[in-house]
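# Tertiary structure, described
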Amino acid sequence: WRKMVEGKGCKLIIATVLKDAVGHSISQSKGRFGQNGRYGNMTIDEYLAPLEPQNGDQRLNFLTQLDYLVYNHGPRNTYLVSKEEKVKRAMELLRRHFDIVIYQNHKKFQELVVNITGWKTDDIPHANVYHGQLNYTQRELDKFRRLTYANGDVEFIKAIRLYYGGYLEYLVE
């Protein structure tokens, strides 16, 4: 993409905003259970089953940030690589293809986009918003935490925070 866009005289900036690993995984389940949920009567255990380490080659009902970056929408981890290898690959992809990587700072993202584009507004709404109520048991929350950690997502966010420390300010200059 970059070569094609910049070959036409335009500047291409690829950006992403990442969230806390466990919070992201929980947010992917909002509005999906119960009588009116997308998955009907599916339980949290059934929903999370493909994320269990032994099921690494299965498609998920949702994608963690790490799996989306490394595998996109395909089956995840068909070669059953370690979580460390997945984190290493994800960091390589970010360094190679992304100009801006921000961790949990929507306001900073807004400021950066406005500054780079010259747009007159700085109102970029949050797209991932749910106004319903989330009800999980402690066991279910613990399962989200355990599986997110086992998948490598917690280490991925730690690596993001260490490597990027927020965002790449040199792009503003």
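Just above sits the structure.
Here is a short report on the structure shown in this document.

What counts and what doesn't
Residues numbered from 1 in each chain as written. Predicted model: local features only at pLDDT ≥ 70, side-chain atom pairs only at ≥ 80, totals over all residues. Heavy atoms only, no water. Helix = DSSP H or I, 4+ residues; strand = E, 2+ residues; numbered from the N terminus. Buried < 20%, exposed > 50% of the residue type's maximum accessible area, 1.4 Å probe, protein only. Contact = heavy atoms within 4.5 Å. Areas by Shrake-Rupley, 256 points an atom, 1.4 Å probe, with all protein chains shown as cover. Pairing = 2+ DSSP bridges. Phe/Tyr/Trp six-rings, centres within 6.5 Å; stacked < 30°, edge-to-face > 60°. Lys NZ or Arg CZ within 6 Å of the ring centre and 35° of its normal.

### As for the overall build of the protein
- Counting secondary structure elements, the protein contains 8 helices and 2 strands.
- Ordered by position in the sequence, the α and β elements of the protein form the string α-β-α-α-α-α-β-α-α-α.
- A burial count over the protein gives 39% of its 173 residues as buried.
- In the protein, the proportion of contacts linking residues at least 24 apart, taken out of those at least 6 apart, comes to 62%.
- Total accessible area computed for the protein in this model is approximately 10900 Å², and 51% of it derives from carbon and sulfur atoms.

### Considering the pairing of strand S1 (residues 15-18)
- Of the two faces of S1, the one holding Thr16 and Leu18 is buried and the one holding Ala15 and Val17 is not buried anywhere.
- For S1 and strand S2 (residues 100-103), the ladder comprises 4 bridges, and the chain directions are parallel. The residue of S2 that forms the bridge with Ala15 is Ile100.

### Considerations on the packing of aromatic side chains
- Here the structure, examined in full by the defined rule, presents 2 aromatic pairs.
- Between Tyr136 and Phe144 the ring centres are 5.7 Å apart and the planes differ by 80°, which places this aromatic pair in the edge-to-face class.
- Cation over ring: Lys83 sits above Tyr149, and NZ or CZ is 3.7 Å from the ring centre.
- Looking at Arg95, its charged tip hangs above the ring of Tyr163, at a distance of 5.1 Å from the centre.

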